[in-house]
Amino acid sequence: MIQLNLHKTLSSTGGKMALDLDLTIEKGHFVTLFGESGAGKTSTLRMLSGLLKPDSGMITVGGTTWFDSRSNIDLKPQQRKVGYVFQDYALFPNMNVRQNLEYALQKNQDNSIIRELLEFAELEELQHRKPETLSGGQKQRVALSRALVQRPEILILDEPLSALDLKMRIKLQEYLLQVHKKYKLTTILVSHDIGEIVKLSDSVFEIQNGRVIKNGTAADFFGLNKTSAKFRFSGEILKIQREDVIYIISVLIGNDIIRVVSDPKEAALLRIGDQVLVASKAFNPIIQKL
Amino acid sequence: MDWQPLVLTFKLAVITTAILFVISIPIASWLSSTKSKFRPVLETLVSMPLVLPPTVLGFYMLVAFSPANAFGSWLNDWLGIKLIFSFGGLVVASVIYSLPFMVQPIQAGLSSLPSTLKEASYTMGKSKFTTLLKILLPNIKPSLLTGIVLSFAHTVGEFGVVLMIGGNMPGKTKVASIAIYDEVEALNYAAANSYSLILFTVTFVILLLVYLTNGGYFKRFSQ
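These numbers were taken from a predicted model, which means no experiment stands behind them. (Residues numbered from 1 in each chain as written. Chains lettered and ligands numbered in written order. Predicted model: local features only at pLDDT ≥ 70, side-chain atom pairs only at ≥ 80, totals over all residues. Heavy atoms only, no water.)

A.B. asks: Explain helix 2 (residues 39-51) of chain B to me, please; I cannot follow it from the model alone.
C.D. replies: Because an α-helix packs 3.6 residues into every turn, residues spaced three or four apart end up facing the same way. Here helix 2 of chain B spans 19 Å end to end across 13 residues, near enough to the 18 Å set by a 1.5 Å rise per residue. The largest bend in helix 2 of chain B comes to about 30 degrees, at B:Leu45, with the proline B:Pro49 one to four residues further on. (Helix = DSSP H or I, 4+ residues; strand = E, 2+ residues; numbered from the N terminus. Expected span 1.5 Å × (residues − 1). Bend = angle between axes of the 7 residues up to and from the residue.)

Next up, the structure:
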């Protein structure tokens, strides 16, 4: 179990902001931090991994204290067992794929894990390539594999898939889930993509202006449990079109555009670009704003 | 022609550059990452030789190292080091005089690397030293090369500091730039021209190699 109690004054582009967080993450869970840019998500991850020092507060992980401002405990990032996948991947340009992974080996660690990870991420053929020659999805897989070399208990993913195209994103979401289960990790993800969050996470914390304003399971969180539906998908509204007395709403779900009928009253509440949930109960499609 | 001044010049430049390389990396690394309020002070001190007349620097070093003064006599009595009018003194003076030419390119190189590279290495349990050696320095090779070459060329070209602190002792402190001055004073233009031409050519070739390397010319060529 990870307990975070963090206070820190952050100076961002919009002036100063007081981060004041209190969260508990169960061991083995896949947790998402969700919220607008600048809400304090990345700072939270940086404080957990020891890259940023909180002004005051406490961090305990599985009964061990990593940070405690009252008794002056502050473990260095080197001493915390955290695998960190950065938004820009942070692959070492002077090393090839294999060397990037090997660098992360701990003293006296058996290097069979390198082969296992390369194989699992389907990187064997790319192992002698330099990072600059890889595509975004390949770099992401290298970064993730590299974070796993030291067998961390906690995996931190800071918007790992935001720069990738949809097809690659879906593939890597699967991969993330497999990794999370296979290595029995506690995974903390920062993401804006609701589909991704629903698909991956056990629980979600919404952070706004440095505070947790809402938390729950992903399904509770986005209201998916309110409808008992035969099918349901989340997507984005592309077009709202009037046809006689009804409205036709085009929603992008995955790579497909789905057209859903809606009555004028419902349609009036929807705007292009809204994230919506499309569900069906028998013959009656429901479209609902998230 | 007497080759001694040229040999002395390049010996001085090689030793100075080697010492500078070793001491500038920690300085540049500290300057590129610190938030300390002393940073501007140290940055200023490192950069002073860029703007200060070399004679000013030479004058103060002459005063400081003179056995007639406290520091100089301490060096002389306790360590047996005599820094004025000696080759050792030239090395010390050159190191100080060329410091910005080594520190600044390395500092700029380190600052240009994304901070996540360093952070990623820390989260893998690697020390600051390992990170510097295995990750940061290998990724700023062009900056290192620039630092090395600029310091080398700058040391070859120094005159004022050397004259103040080293004087003009053949085989000990008479470097090429001073030899040229000497020959001109003696109206021996042919010898002055030989020295000058060699310095001119060598400096040109060195700088050209740097620009070609950093511009990726050789890489394109070899691919």
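A.B. asks: How do you make sense of the interface of chain B and chain A when you look at a structure like this?
C.D. replies: Where the parts come together, the accessible area they lose is often given as the size of the interface. Across the contact, 19 residues belong to chain B and 21 residues belong to chain A. Buried area between chain B and chain A, summed over both chains or domains, comes out near 1600 Å², and the portion from carbon and sulfur atoms is 60%. Viewed at the interface, chain A and chain B are joined by 1 salt bridge. One salt bridge in this structure joins A:Arg46 and B:Glu119, with 2.9 Å as the shortest N-O distance. Joining chain B to chain A, the criterion identifies 10 residue pairs in polar contact (both at pLDDT 80 or more). When residues of the side of chain B that touches chain A are traced back to their parent elements, those giving at least two are helix 6 (115-123) and helix 7 (128-136) of chain B. Considering every element that reaches the side of chain B that touches chain A, the biggest residue donor is helix 6 of chain B, with 7 residues. Across the side of chain B that touches chain A, the residue classes tally to 7 nonpolar, 8 polar and 4 charged. (Contact = heavy atoms within 4.5 Å. Buried area = accessible area lost by both parts, 1.4 Å probe. Salt bridge = Lys/Arg side-chain N within 4 Å of Asp/Glu carboxyl O. Polar contact = N/O pair within 3.5 Å; in protein donor to acceptor, adjacent residues only side chain to side chain. Nonpolar A, V, L, I, M, F, W, Y, C, P; charged D, E, K, R; others polar.)

A.B. asks: Mind showing me how you'd approach the domain arrangement of chain A here?
C.D. replies: Here chain A is described as being made up of domain 1 (2-221) and domain 2 (227-289). On a C-alpha basis, the centroid separation for the pair domain 1 of chain A and domain 2 of chain A is 34 Å. (Domains from an automatic or database assignment.)

A.B. asks: Can you help me understand a nonpolar patch on the surface in this one?
C.D. replies: Residues and elements named next belong to chain B. On the surface, a nonpolar cluster with roughly 710 Å² of combined accessible area is contributed by Trp-30, Phe-38, Val-41, Leu-45, Met-48, Leu-50 and Val-51. Among the elements that take part in the nonpolar patch, helix 2 stands out by supplying 5 residues, more than any other. Summarising the element assignment, Leu-50 is placed in helix 2. A relative accessible area of 42% places Leu-50 in the partly exposed class. (Patch = residues over 30% accessible without salt bridge, like charges linked within 9 Å, V, L, I, M, F, W, Y side chains within 5 Å. Areas by Shrake-Rupley, 256 points an atom, 1.4 Å probe, with all protein chains shown as cover. Buried < 20%, exposed > 50% of the residue type's maximum accessible area, 1.4 Å probe, protein only.)

A.B. asks: In this structure, what is going on with the confidence of the model for chain A? I would like to understand it.
C.D. replies: Detailed reading of the predicted model is not advised wherever pLDDT is low. Averaged over every residue, the pLDDT of chain A is 87; the share at 70 or more is 95%. Mean pLDDT across the secondary structure elements of chain A bottoms out at strand 16 (residues 284-289) of chain A, with 72, and peaks at helix 2 (residues 97-103) of chain A, with 96. (pLDDT = per-residue confidence, 0-100.)

A.B. asks: So what exactly am I meant to see when it comes to the pairing of strand 13 (residues 246-253) of chain A here?
C.D. replies: Consecutive side chains along a regular strand alternate between the two faces of the sheet. Residue and element names in this part refer to chain A. Most of strand 13 sits inside the fold, with 6 of its 8 residues counted as buried. Counting the residues in the hairpin turn of strand 12 (residues 231-243) and strand 13 gives 2 residues, including Asp-244, whose phi is positive at 55 degrees. Where strand 13 lies against strand 14 (residues 256-262), 7 bridges are found, and the strand directions are antiparallel. Along strand 14, the bridge assignment pairs Ser-250 with Arg-259. Between strand 13 and strand 14, which pair antiparallel and follow one another directly, the connecting turn spans 2 residues, one of which, Gly-254, has a positive phi of 60 degrees. (Pairing = 2+ DSSP bridges.)

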